[in-house]
Amino acid sequence: MAQATGRKSRVGIVVVAYNAASTLVDTLDRIPEEVLPQLAEIIISDDASHDDTFLLASQWGAKASAVRTTVVRHTKNLGYGGNQKAAYRIAIDHGLDVVVMLHGDGQYAPESLADMLAPFQTGSADAVFGSRMMVPGAAKLGGMPFYKRIGNRILTTFENRVLGTRLTEFHSGYRAYSTELLSRIPFEANSDGFDFDTQIIAQVVNAGGRIVEVPIPTYYGDEICYVNGMEYARDVVRDVVEFKLATKGFGTQEWVPTPEEYAFKEGDGSSHASLLEMLRDLPPSRILDLGCSGGLFAERARAAGHHVTGVDYMEIPGVRERTDRFFVVDLEAGIPAEVGDGYDVVIAGDIIEHLARPVEVLKQIHRVLRPGGQLLLSVPNFGHWYPRARVVTGLFGYDRRGILDSTHLRFFTRSTLRRTVRAAGFDILQEDATGLPLGAIAEGSSTPLNVVRRVDAGLARLRPTLFGYQHVMRLTPHAEEAIFAEDVEAQQAVSV
């Protein structure tokens, strides 16, 4: 088994064990002789067993001269998922490239290890799952109880539909992962329970990992089952629903990765679409795009003939190609002089709600605009029915984007936004409200979805303070001057 660099891959086996004294040694002895030369290490992780699991593991490891064996005993029970986290962390720290998980109770056949490793040898997989359901009838012949077969199929069908996968089984504990993949996903934020296995599948899918399934035999013996079936089913259903909602912006589950780049909001009268519509009324202009993220908005503005300078607190790959100029700027510290001034337009799309001192930043925007220039501003509406309902029902919590984005430091209603921009020295030229971001929540253009879009847009126009998802404003610096009588008299005297 070799990597693309030509170096031989370092393969390891992780054995998770809990009160497995009666089965552990037999399971380890069943590791095929032809597999042992491929192994760089066997890691046996005892999850604070109450029997002789650790002692027997240590004795077996001392005799295993063919392969390095690391035996670990946790002084506190970490749980099935927690034990995996600890073992995978050891595998990564020890420099293994591929790690296969075996259960110390022997439920998953060590004789199938060669099949589990084969896809890594061809470079066709980032994760390999053993499936008891690939071969019709195999699970029944292996002694899997009828209620477990039915439950397995129902849950797997549901999980496939929600996650967009086509796996034959989600609930096998026979897994193998490349440590490069494990290093790219936040598996250590997963549950410590049995639903860890479901969460890590969602993470692998989200990371674009290549999953290969291989058929494995089914075995049900005298091992003790620590899984509460109903609780497990509840947890995995909750997990896949949470994952799907989190990818749509709802909730802040740590185990679901958050993309670094802020997505461009397409269609549905979104704030970005509204800002682009406002730009269409303007001739080619010098634009300062604050919080430009990856430059997707700037790219569209440039295509319309505008010259765009982008700034953001971090540099997303590709942003310099999508902007005419780019600066890494922390807006909390202000707009630096090198960004320049005299801009025709400043774009602040969904920015000021992330700032501790929005008025101060708006005043700085005032200074970098030319006289008569425009600020195009969008801000989520905290008066929208969605956060109102969350507050009234006692279910207030943050999401990963949208009105209740967990990175928001300020909340605005229409009235507070009006006061804020006026305090910063701006006059309001135009004021709009967008509807729900249905394009981000549901894909496609079905008739029911189009009806919802039209109704929501109508309600946003009718009562923007309640149904407007975001407020979008076109602003210009207040140009009021104080004219003193003596100056007028002096001018009149000169003209005479």
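Note on numbering: residues in each chain are counted from 1, in written sequence order. For this predicted model, a pLDDT threshold of at least 70 governs which residues receive local features, and a threshold of 80 or more governs which side-chain atom pairs are given and counted, while totals over whole chains, interfaces and linings are taken from all residues. To get the side-chain values, take all heavy atoms of the structure and skip hydrogens and water.

**Re the overall build of the protein**
In plain terms, the rule: Runs of E in the DSSP output that reach at least two residues are strands. Runs of H or I that reach at least four are helices, and both are numbered from the N terminus. Burial classes follow relative accessibility: with a 1.4 Å probe on protein chains only, a residue under 20% of its type's maximum area counts as buried, one over 50% as exposed, and anything between as partly exposed. A contact between two residues is defined here by any heavy atoms of the two lying within 4.5 Å. Note on areas: Shrake-Rupley with a 1.4 Å probe; residue coverage comes only from the protein chains shown.
From N to C terminus, the protein includes 19 helices and 14 strands. Expressed as a percentage of the 496 residues in the protein, the buried residues total 48%. Contacts in the protein between residues at least 24 apart in sequence constitute 73% of all its contacts with a sequence separation of at least 6. About 23600 Å² of surface is accessible on the protein, with carbon and sulfur atoms providing 55% of the total.

**Side note on the pattern of salt bridges**
Rules: A pair is scored as a salt bridge if a Lys or Arg side-chain nitrogen falls within 4 Å of a carboxyl oxygen belonging to Asp or Glu.
Counted according to the given criterion, the structure contains 20 salt bridges. Across the pair Arg302 and Asp324 runs a salt bridge whose closest N-O atoms are separated by 3.2 Å. Highlighted residues: Arg302 in helix H11 (residues 296–303) and Asp324 in the loop between helix H12 (319–322) and strand S10 (325–328), separated in sequence by 22 residues. By relative accessible area, Arg302 is classed as partly exposed at 30%. Given a relative accessible area of 32%, Asp324 falls into the partly exposed group. Beyond isolated ion pairs, a larger network of salt bridges with shared partners links Asp195, Arg234, Asp235, Arg238 and Asp239.

**Notes on the sheet that holds S10**
The criterion, for reference: Strands qualify as paired when DSSP identifies two bridges or more between them. Simply put, an axis is a line fit to the C-alpha atoms, just over the touching stretch for a helix, and the angle between two N-to-C directions goes from 0 to 180 degrees.
Here seven strands make up an open sheet; going across it, the order is S10-S9-S8-S11-S12-S14-S13 and the pairing mixed. The open sheet is flanked by S10 and strand S13 (426–434), the only strands paired with a single partner. Ignoring strand direction, the axes of neighbouring strands in this sheet form an average angle of 15 degrees. Where strand S8 (residues 286–290) lies against strand S9 (residues 307–312), five bridges are found, and the strand directions are parallel. Paired with Leu290 across the bridge in S9 is Val311. Those strands touched by helix H13 (residues 358–368) are S8, strand S11 (343–349), strand S12 (369–380), S13 and strand S14 (470–477), and its axis lies near 145 degrees from that of S12.

**Overview of the packing of helix H8 (residues 196–206) against helix H9 (residues 229–247)**
Where we set the bar: Each angle is binned into one of four classes, with values under 35 degrees roughly parallel, values over 145 roughly antiparallel, values of 65 to 115 roughly perpendicular, and all other values oblique. Handedness of a crossing is defined here by the sense of rotation of the near helix relative to the far one, left-handed for an anticlockwise turn of less than a right angle and right-handed for a clockwise turn. Gly is placed with the polar residues, together with every amino acid not listed as nonpolar (Ala, Val, Leu, Ile, Met, Phe, Trp, Tyr, Cys and Pro) or charged (Asp, Glu, Lys and Arg).
Interaxial distance between H8 and H9 falls to 9 Å at its minimum, and their mutual angle equals 25 degrees. Here H8 is positioned roughly parallel relative to H9, judged by the angle of their axes. Once H8 is placed against H9, the crossing between them reads as right-handed. The segment H8 lies against H9, with Thr198, Gln199, Ala202 and Asn206 engaging Tyr232, Val236, Asp239, Val240, Phe243 and Thr247. When the residues that make up the contact of H8 with H9 are grouped by side-chain class, the tally is five nonpolar, four polar and one charged.

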